Amino acid sequence: MDESAGVIRDPVHLKAALDVIVDHPQGVAMPAEREIENANMELLSEIVVRAALSRFESRGAHFRIDAPEPSQDWLVRQAVRRGEDNVVEIAPLDLDVVV
């Protein structure tokens, strides 16, 4: 994660990180607590990388080489959910809609 999805990012390395995360073999025998911890770390890593890929801008300490400036278009919050086929989906959250 540090090498491919650290504070300085580019789409090539982000996509490579996502490939490693998504293709990681499941079902490695280990104690239940460690297995849960590893699954949670992999899920969080996938969310971070997918969110970084979806935001085409630099903001705060997170810098995208291909989009060095902040963008007013990205002054949004993003929602994360599991979609079809258990794939993590990232989408802008409409803050004007009250649930």
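Residues numbered from 1 in each chain as written. Predicted model: local features only at pLDDT ≥ 70, side-chain atom pairs only at ≥ 80, totals over all residues. Heavy atoms only, no water.

Peer 1: Is there a simple way to think about the packing of helix α2 (residues 11-22) against helix α3 (residues 32-54) in this case?
Peer 2: Packing of α2 against α3 brings their axes to within 9 Å, and their N-to-C directions diverge by 155°. By the criterion of interaxial angle, the relationship of α2 to α3 is roughly antiparallel. Both α2 and α3 take part in a crossing whose hand is left-handed. Contacts from Pro-11, Leu-14, Lys-15, Ala-17, Leu-18, Ile-21 and Val-22 in α2 reach Glu-42, Ser-45, Glu-46, Val-49, Arg-50, Ala-52 and Leu-53 in α3. A class-by-class count of the residues in the contact of α2 with α3 yields nine nonpolar, one polar and four charged. (Axes fitted to C-alpha atoms, helices over the stretch in contact; angles between N-to-C directions. Helix = DSSP H or I, 4+ residues; strand = E, 2+ residues; numbered from the N terminus. Parallel < 35°, antiparallel > 145°, perpendicular 65-115°, else oblique. Left-handed = near helix turned anticlockwise from the far one by under 90°. Contact = heavy atoms within 4.5 Å. Nonpolar A, V, L, I, M, F, W, Y, C, P; charged D, E, K, R; others polar.)

Peer 1: Any chance you could explain unusual backbone geometry here in plain terms?
Peer 2: The phi angle of most residues is negative, glycine excepted, and most peptide bonds adopt the trans form. Even without being glycine, Asp-85 reaches a positive phi, approximately 60°. For Asp-85, the location among the structural elements is in the loop between β3 (77-82) and β4 (88-93). According to the relative accessible area criterion, Asp-85 is exposed, its value standing at 74%. The residue Asn-86 is not glycine, and still its phi comes out positive at about 65°. Tracing the backbone through its elements, the reader meets Asn-86 in the loop between β3 and β4. Using a relative accessible area of 51% as the deciding quantity, one classes Asn-86 as exposed. (Buried < 20%, exposed > 50% of the residue type's maximum accessible area, 1.4 Å probe, protein only.)

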